[in-house]
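# Coordinate inspection notes
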Amino acid sequence: QQQVKQSPQSLIVQKGGIPIINCAYENTAFDYFPWYQQFPGKGPALLIAIRPDVSEKKEGRFTISFNKSAKQFSLHIMDSQPGDSATYFCAASYGNKLVFGAGTILRVKS
Amino acid sequence: GAVVSQHPSWVICKSGTSVKIECRSLDFQATTMFWYRQFPKQSLMLMATSNEGSKATYEQGVEKDKFLINHASLTLSTLTVTSAHPEDSSFYICSASQSGGANVLTFGAGSRLTVL
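A brief report on the enclosed structure follows. Worth saying up front: this structure is predicted, and the values here are computed from it rather than measured.

Our next topic: the state of the cysteines. Using the criterion set out here, one finds two disulfides over all chains in the structure. A sulfur-sulfur separation of 1.9 Å characterises the disulfide bridge that pairs C23 of chain A with C90 of chain A. When the S-S torsion is -95°, as for the bridge of C23 of chain A with C90 of chain A, the disulfide is left-handed. Remark: C90 of chain A occurs in strand 9 (residues 86–94) and C23 of chain A occurs in strand 3 (residues 20–25); sequence separation between them is 67 residues. With a relative accessible area of 2%, C23 of chain A lands in the buried category. Free cysteine C13 of chain B: the closest other cysteine sulfur is in C94 of chain B, separated by 18 Å. With relative accessibility at 8%, the residue C13 of chain B sits in the buried group.

As structure tokens, then:
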């Protein structure tokens, strides 16, 4: 129930493409769903986050889509750039608990 | 914005020695800090949650006596890996919460531990 399942494990897109990363959860107690971006040898940095009362949130080129009934959420990166190449983690939290997905390694080819 | 500093960023030690990693919130008071461990190409696994002035809460399977956590002030938490062995080699990352919950976390840059 504490798990957050993330897919795909890795993703390669051309510059300008729109990579989509999907996550699913079971525990309905989760009330906050952040996405983190991590570069090699660095800690994760918050990218964008959403609460379950909202179906979509957009910040710059990053969009989260949230489907509460399906318990799924996804990250879309518009007009992807080589600098977006990183590992992306979805997460879910409630109270003091923050659970991470397994991560998606994204490579954007120039 | 909120900044969390971790030190050292990397450390190499001999098997059997102890290593201390510091996590500091630079511009805010962190009532709660979290310690994670990350193996190469894997996700972050929560090791323990520390609240200022009280004992840390460890996740299942994490040895309390091996990974000592101290959160003596609102801006500093330390993780000490005692009697380190090669299998303890990993990337250790701390995060800090201003609110006390896990909703708004700022992560440190991580500390790479290599035990020879």
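A word on the sheet that holds strand 8 (residues 76–81) of chain B. Residues and elements named next belong to chain B. On the basis of which strands lie adjacent, the open sheet formed by four strands has the order 1-3-8-7 and antiparallel pairing. If you trace the sheet from one side to the other, it starts and ends with strand 1 (4–7) and strand 7 (67–73), each paired once. Neighbouring strand axes in the sheet, compared pairwise and without regard to direction, differ in orientation by 15° on average. Pairing geometry for strand 1 and strand 3 (residues 19–25), over four bridges, is antiparallel. In the sheet register, S5 faces strand 3, and the bridge partner there is R24.

Okay, the pairing of strand 7 (residues 62–67) of chain A next. Residues and elements named next belong to chain A. Pairing of strand 6 (residues 56–59) with strand 7 involves four bridges; the strand directions are antiparallel. Looking at strand 7, one finds that E56 is bridged to S65. Taking the residues that link successive antiparallel strands as the turn, the strand 6-strand 7 hairpin has two residues, and the phi of G60 there is positive, at about 65°. Here strand 7 runs beside strand 8 (residues 72–77); their pairing, made up of six bridges, is antiparallel. Note on strand 8: the bridge partner recorded for S65 is S74.

We now examine the side chain of T106 of chain B. Residues and elements named next belong to chain B. Counting through the fold element by element, T106 comes out in strand 10 (residues 105–107). The class of T106 is buried, set by a relative accessible area of 16%. Setting aside residues up to four positions removed in sequence, T106 forms contacts with A2, V3, V4, C94, S95 and A96.

All names here are of chain B. Burial along strand 11 (residues 111–115) is one-sided: S111, L113 and V115 are buried, and none of R112 and T114, which face the opposite way, are. As judged from the four bridges shared by strand 2 (residues 10–13) and strand 11, these two strands associate in the parallel manner. Paired with V11 across the two strands is L113, which belongs to strand 11.

Bringing unusual backbone geometry into the picture now. A cis amide bond links S7 of chain A to the next residue, P8 of chain A, at an omega of -5°. Here the amide bond leading from H7 of chain B into P8 of chain B is cis, since omega sits at 0°, within 30 degrees of zero. Positive phi is not limited to glycine here, since K41 of chain B has a value of about 60°. Its place among the elements puts K41 of chain B in the loop between strand 4 (32–38) and strand 5 (44–51). On the basis of relative accessibility, which here comes to 80%, the residue K41 of chain B falls in the exposed class. Residue S83 of chain B is not a glycine yet carries a positive backbone phi of 45°. On the secondary structure map, S83 of chain B appears in the loop between strand 8 and strand 9 (90–97).

On the surface, W10, I12 and L116 of chain B cluster together into a nonpolar patch covering about 390 Å² of accessible area. Mapping I12 of chain B onto the fold places it in strand 2.

Facing the 18 residues of chain A at the interface are 19 residues of chain B. Linking chain A with chain B are one salt bridge. Taking the shortest distance from any N to any O, the salt bridge between E59 of chain B and K97 of chain A comes out at 2.8 Å. In this structure, the connection of chain A to chain B is made through four residue pairs in polar contact (both at pLDDT 80 or more). The element that contributes the greatest number of residues to the side of chain A that touches chain B is strand 10 (residues 97–100) of chain A, accounting for three residues.

Cut-offs applied
- Position labels on residues start from 1 in each chain and follow its written sequence.
- Following the order in which they are written, the chains are lettered starting with A and the ligands numbered starting with 1.
- The predicted nature of this model means local features are confined to residues of pLDDT at least 70 and side-chain atom pairs, given and counted, to a pLDDT of 80 or more, with totals for whole chains, interfaces and linings taken over all residues.
- With hydrogens and water stripped out, all remaining heavy atoms of the structure feed into the side-chain values.
- Put simply, a disulfide is two cysteine sulfurs that come within 2.5 Å.
- Every helix listed is a DSSP run of H or I at least four residues long, and every strand listed is a run of E at least two residues long, numbered separately from the N terminus.
- Residue burial is assigned from relative accessible area. The probe radius is 1.4 Å, only protein chains are included, and a residue is buried under 20% of its type maximum, exposed over 50%, and partly exposed in between.
- The criterion for strand pairing is that DSSP finds at least two bridges linking the strands in question.
- Every angle, taken between N-to-C directions, lies between 0 and 180 degrees, and every axis is a line fitted to C-alpha atoms, over only the stretch in contact when it is a helix.
- We call two residues in contact when some of their heavy atoms are within 4.5 Å.
- The residues that make up patches have over 30% relative accessible area and no salt bridge, and they are joined within 9 Å when like-charged or within 5 Å when they are Val, Leu, Ile, Met, Phe, Trp or Tyr.
- For the area figures, the Shrake-Rupley method with a 1.4 Å probe applies, and any residue is considered shielded solely by the protein chains shown.
- Every case where a carboxyl oxygen of Asp or Glu lies within 4 Å of a side-chain nitrogen of Lys or Arg is listed as a salt bridge.
- For this analysis, a polar contact is any N or O atom pair within 3.5 Å, provided that within protein one partner can donate a hydrogen and the other can accept it, and provided that sequence-adjacent residues contribute only side-chain to side-chain pairs.

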